[in-house]
Amino acid sequence: MAMPEPIIARRRNEPMGSNTNRAIEIAPGVHWVGAFDPDLRSFDLILRTANGTSYNAYAVRGEQGVAVIDTVKENFAGDFFARLESVCDYAEITTVVVNHLEPDHSGALPELLRRAPQAQVCLSIRAPLMLKALLRAADTLPRGFKTVTTGDRVDLGGRTLGFLHTPYLHWPDTQCTYLGELGILFSGDVFGCHFCDTRLFNDKVGDFRFSFEYYYAHIMRPFRTHVARALDLIEPLDLSIVAPAHGPVLRHGPRDYIKRYRELATPRLTNEAGGEKTLLVFYLSAYGNTRRMAEAVRTGAETLTGVRVSLYDLEGVEPASFVDLIEEADGFALGSPTINGDGVKPVWDLLSSLTAIDIAGKLGAAFGSYGWSGEAVEMIEHRLRGLKFRVPIAGLKVKLTPTSSELKQCQVFGRQLADALITPASQRFNAD
Amino acid sequence: MPKAKVTFADVGVTLTVPAGTRLIEVSEKVGAGITYGCREGECGTCLTKVISGGENLAAPSVLEDQVLKDSFAPRGHRLACQAQVLGGDIVVKPV
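Residues numbered from 1 in each chain as written. Chains lettered and ligands numbered in written order. Predicted model: local features only at pLDDT ≥ 70, side-chain atom pairs only at ≥ 80, totals over all residues. Heavy atoms only, no water.

Caption draft 1: Quick look at the overall build of chain A. A count of helices and strands for chain A gives 13 helices and 21 strands. Taking the principal axes of its C-alpha atoms as reference, chain A extends roughly 80 × 50 × 45 Å. By the burial criterion, 55% of the 432 residues in chain A qualify as buried. In the structure as shown, chain A presents an accessible area of about 18,100 Å², 50% of it carried by carbon and sulfur atoms. (Helix = DSSP H or I, 4+ residues; strand = E, 2+ residues; numbered from the N terminus. Buried < 20%, exposed > 50% of the residue type's maximum accessible area, 1.4 Å probe, protein only. Areas by Shrake-Rupley, 256 points an atom, 1.4 Å probe, with all protein chains shown as cover.)

Structure representation (structure tokens):
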């Protein structure tokens, strides 16, 4: 399919990357009507961007009406409406698709619904609760909205929008919309990145590969399982363009980006454990007491077949390396002394890094030696539960130097952890 | 004590649990894909489709009912953190 050149002209004295308020045709009857935000350097408090971002919204024209897919951040609404007005009248808008309700995509939604009150809003079956919360301040709940899921369609007349239920990419409400006649996937945040370049198309813009990978690592990686499920829906589609909600429109080799997502969503480390369960034992130790406990935990865990145990001194490596390990492991035990009534900082650094990965359902445990009162173990357990680890075995703490009897308790603790790992899921309820 | 048989269709795991158990307590332990948040029936994150055996779950509380209504949840959907099993067979899957 021949792709049109981006129609975008800079005004005199207008800096590169600024907005021109003209829609850009990405396929016959399909226009980008989003906004460029070249000055953004921090997004959602968790990402940085060297190149700003774009808020991509699209208008799809059918014989019986126009669909608007997503909007933009509220303070860019002027650019969005100007571009939208360049390709349609508000009275022509029959459908507004909300692929994702986060404010950078729904910021102009209340005003759009005021201007096109006849439009039916189509959103994921997980979205209404969020829609209500987002729009209550604006007091503009849409007159008509319907929830859609995989297999549902909206006919615009010669153009049909189909929906894919792809939750948790990266909010519960996220979905993708597929324009089958033209092979265009409006993917929401999936396949997006924070990279602002007014040339818009991936075969025209600067090298954005770093941004693509960085975006996946920070936005999609915690939902790896959901990414894999979404790819199961996306991979069979005929695709000429992937049109994400941020960054370049992927018209050159769109399937390459889907393939890359599949690679990223597949376990990264070569798992030599094969069918064995993997248990990681981390420790920090000022005087060797927690270390001796950790070694005994490992010894105990290794007495059960079917469990591969690894032991690491948390002092030795930056947390990021261990995050990769934990992402692939079935469980981990964290040993920390108590210093001034708290676990020590590397423990919290590691635990605060784990929201970047999918940890739901993994096994977690805590242990440690202490001098005065030993608060660290309970504090770590509490945090592990907050992170949604399973914590089936109560933590173990020892006052100062572990005796031989206490080291045997550590071995029993390790064996219990291993046993909890190899217990089949169907037996866990009673076992835990 | 009465028991119920709960199946999590997404992971193909069936197990028997005591009556009164909330779905989330079980799904968390067997690694089913029901994502949850507050566990107190407010956030709606753990919205779950009841494929069969809905009559074997305790009726929704006023709070759960309100969240389901606000979510425009179709019939046969419950919050896993609130729905308690009564007995019989129940089959659920994430939404």
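That was the structure; now back to the text.
Caption draft 2: Structural view of the pairing of strand S7 (residues 58–62) of chain A. Residue and element names in this part refer to chain A. Within S7, four of the five residues are buried, which leaves it mostly tucked inside the rest of the structure. Inspection of the sheet shows S7 paired to strand S8 (residues 65–69) by five bridges, in the antiparallel sense. Residue pairing across strands places Tyr58 opposite Ile69, the latter belonging to S8. A loop of two residues connects S7 with S8, the two strands running antiparallel in sequence. (Pairing = 2+ DSSP bridges.)

Caption draft 3: Quick peek at the nonpolar core. By size, the foremost hydrophobic cluster in this structure holds 63 residues, and its most contacted members are Phe80, Leu84, Ile93 and Phe191 of chain A. If we skip the residues at most four places from it in the chain, Phe80 of chain A touches Val33, Gly34, Ala57, Val68, Asp70, Thr71, Val72, Ala108 and Leu112 of chain A. (Core = buried A, V, L, I, M, F, W, Y, C linked by side-chain atoms within 4.5 Å. Contact = heavy atoms within 4.5 Å.)

Caption draft 4: Highlighting the packing of helix H5 (residues 209–220) of chain A against helix H7 (residues 254–265) of chain A. Residues and elements named next belong to chain A. Viewed as axis vectors pointing N to C, H5 and H7 meet at an angle of 45°, and their least axial separation amounts to 12 Å. Classified by the angle their axes make, H5 and H7 are oblique. The crossing of H5 and H7 is right-handed. Where H5 abuts H7, its residues Phe212, Glu213, Tyr216 and Met220 lie against Tyr257, Arg260, Tyr261, Leu264 and Ala265. (Axes fitted to C-alpha atoms, helices over the stretch in contact; angles between N-to-C directions. Parallel < 35°, antiparallel > 145°, perpendicular 65-115°, else oblique. Left-handed = near helix turned anticlockwise from the far one by under 90°.)

Caption draft 5: The confidence of the model for chain A, seen in detail. Scored by pLDDT, chain A has a mean of 91; 92% of the residues are at 70 or more. Counting contacts from residues 1–18 of chain A, a segment whose pLDDT is below 50, to residues more than four positions away or on other chains yields 40 contacts. (pLDDT = per-residue confidence, 0-100.)

Caption draft 6: Local environment of the interface of chain A and chain B. On the side of chain B, 28 residues touch chain A, which itself brings 20 residues to the contact. In this assembly, chain A packs against chain B so that about 1,900 Å² is buried in total across both faces, 59% of it on carbon and sulfur atoms. A salt bridge links Asp70 of chain B to Lys132 of chain A, with the nearest nitrogen and oxygen atoms 2.9 Å apart. The interface formed by chain A and chain B includes six residue pairs in polar contact (both at pLDDT 80 or more). Split into classes, the residues belonging to the side of chain A that touches chain B amount to eight nonpolar, five polar and seven charged. (Buried area = accessible area lost by both parts, 1.4 Å probe. Salt bridge = Lys/Arg side-chain N within 4 Å of Asp/Glu carboxyl O. Polar contact = N/O pair within 3.5 Å; in protein donor to acceptor, adjacent residues only side chain to side chain. Nonpolar A, V, L, I, M, F, W, Y, C, P; charged D, E, K, R; others polar.)

Caption draft 7: Spotlight on the sheet that holds strand S1 (residues 24–27) of chain A. Residues and elements named next belong to chain A. A sheet is described by the order of its strands in space; here seven strands give the open sequence S1-S2-S7-S8-S9-S10-S11, paired in mixed fashion. Looking at strand neighbours, the two that pair on one side only are S1 and strand S11 (144–148), the edges of this open sheet. Ignoring strand direction, the axes of neighbouring strands in this sheet form an average angle of 25°.

Caption draft 8: Examining the pairing of strand S1 (residues 3–8) of chain B more closely. Residues and elements named next belong to chain B. Where S1 lies against strand S2 (residues 13–18), six bridges are found, and the strand directions are antiparallel. Counterpart to Lys5 in the pairing with S2 is Thr16. Adjacent in sequence and paired antiparallel, S1 and S2 are bridged by four residues, among which Gly12 carries a positive phi angle near 65°. Relative to strand S5 (residues 88–94), S1 runs parallel, the two being bridged by five bridges. Its bridge partner lying in S5, Phe8 is registered against Val92.

Caption draft 9: Here's a closer look at helix H1 (residues 77–85) of chain A. Turning to H1 of chain A, its buried residues number three or more, namely Ala77, Asp79, Phe80, Phe81, Arg83 and Leu84 of chain A. On its buried face, H1 of chain A is in contact with strand S2 (30–32), strand S3 (35–37), S7, S8, strand S9 (93–98) and helix H3 (109–115) of chain A.

Caption draft 10: Main features of the layout of surface pockets. Counted as a void, the second largest pocket has a volume near 490 Å³. Looking at the second largest pocket, it is lined by 24 residues, and the ones nearest its centre are His165 and Pro167 of chain A together with Lys93, Pro94 and Val95 of chain B. At the level of secondary structure, the elements contributing two or more residues to the lining of the second largest pocket comprise helix H6 (224–234) of chain A together with strand S3 (47–52) and S5 of chain B. Ranked by residue count, the leading element in the lining of the second largest pocket is H6 of chain A, at four residues. (1 Å grid on protein atoms, 1.4 Å probe; cavity = no way out; pocket = protein on both sides within 12 Å on 5 of 7 lines; lining within 4 Å. Points joined across faces, edges and corners; volume = space filled by probe spheres on them.)

Caption draft 11: Structural view of the pattern of salt bridges. Residues and elements named next belong to chain A. The full count for this structure, using the stated rule, is 23 salt bridges over all chains. The salt bridge involving Arg209 is made with Asp207; its shortest N-O contact spans 2.7 Å. Like Asp207, Arg209 is exposed. Put simply, Glu276 and Arg308 hold a salt bridge, and the shortest N to O gap is 3.1 Å. Here the residue Glu276 occupies a position in the loop between H7 and strand S17 (277–283), and Arg308 occupies one in strand S18 (residues 307–313), the gap between them amounting to 32 residues. Here Glu276 falls in the partly exposed class, since its relative accessible area comes to 27%. Through salt bridges with shared partners, one network takes in Arg221, Arg224, Asp324, Glu327 and Glu328.

Caption draft 12: Region of interest: the domain arrangement of chain A. All names here are of chain A. By the assigned domains, chain A splits into domain 1 (24–265) and domain 2 (277–431). On a C-alpha basis, the centroid separation for the pair domain 1 and domain 2 is 41 Å. Listed as interface residues are five residues of domain 1 and, on the opposing side, eight residues of domain 2. Between domain 1 and domain 2 lies a buried interface of about 550 Å² when both sides are counted; carbon and sulfur atoms form 29% of it. Ranking the residues of domain 1 by area buried against domain 2 places Arg221, Pro222 and Arg224 at the top, with a combined share of 88%. Counting across the interface, domain 1 meets domain 2 through four salt bridges. One salt bridge connects Glu327 with Arg221, and the closest N-O pair in it is separated by 2.7 Å. For the pair domain 1 and domain 2, the interface holds four residue pairs in polar contact (both at pLDDT 80 or more). Residues that form the side of domain 1 that touches domain 2 fall into these classes: two nonpolar, one polar and two charged. (Domains from an automatic or database assignment.)

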